[in-house]
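What follows is the residue order along each chain.
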Amino acid sequence: MSEIDDYIAAAPEAARERLAAVRATLLRCMPTATEAFRYGMPAVMLDARYGLHYATWKKHLALYPVYRGDEAHEAVVGPYRAKTDSVHFPHTQPLPLDVVELIATELSARRG
């Protein structure tokens, strides 16, 4: 079992399915990426420098870093921004995998 598998298995039951869905979406949308475990959280990396980290917290699942995009990008991603370079998806709301897909696809197109 990998550190990422261990991280997901150790998460609260309600968060496990969400983590697995984000992981699968990132890997599908970033086909040249590799998985890593950095800063105590899972990551999908395009190289040693660019990638997306994801983690579950008590009230939300987060992606880091998610840089600002053009107006169309921000219209979709903006409602989930918590800080400049992160987005938070509250556990009390359905997981917007379409937003995760947009973020991953745009990063992959720029860096992959």
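Up top is the structure.
Residues numbered from 1 in each chain as written. Predicted model: local features only at pLDDT ≥ 70, side-chain atom pairs only at ≥ 80, totals over all residues. Heavy atoms only, no water.

(A) Looking closely at the pairing of strand 1 (residues 34–38). For strand 1 and strand 2 (residues 41–45), the ladder comprises five bridges, and the chain directions are antiparallel. Within the sheet, the bridge partner assigned to T34 lies in strand 2 and is M45. The antiparallel pairing of strand 1 with strand 2 creates a hairpin that spans two residues between the two strands, and Y39 there sits at a positive phi of about 55°. (Pairing = 2+ DSSP bridges. Helix = DSSP H or I, 4+ residues; strand = E, 2+ residues; numbered from the N terminus.)

(B) Looking closely at the pattern of salt bridges. Under the counting rule described, the total for this entry stands at five salt bridges. Ionic pairing is found between D5 and R23, a salt bridge with its closest N-O pair at 2.7 Å. Taken as a pair, D5 in helix 1 (residues 3–10) and R23 in helix 2 (residues 13–29) lie far apart in primary sequence, 18 residues in all. The partly exposed category is assigned to D5, whose relative accessible area is 26%. Several salt bridges share partner residues, and in doing so they unite D5, R23 and E35 into one network. (Salt bridge = Lys/Arg side-chain N within 4 Å of Asp/Glu carboxyl O. Buried < 20%, exposed > 50% of the residue type's maximum accessible area, 1.4 Å probe, protein only.)

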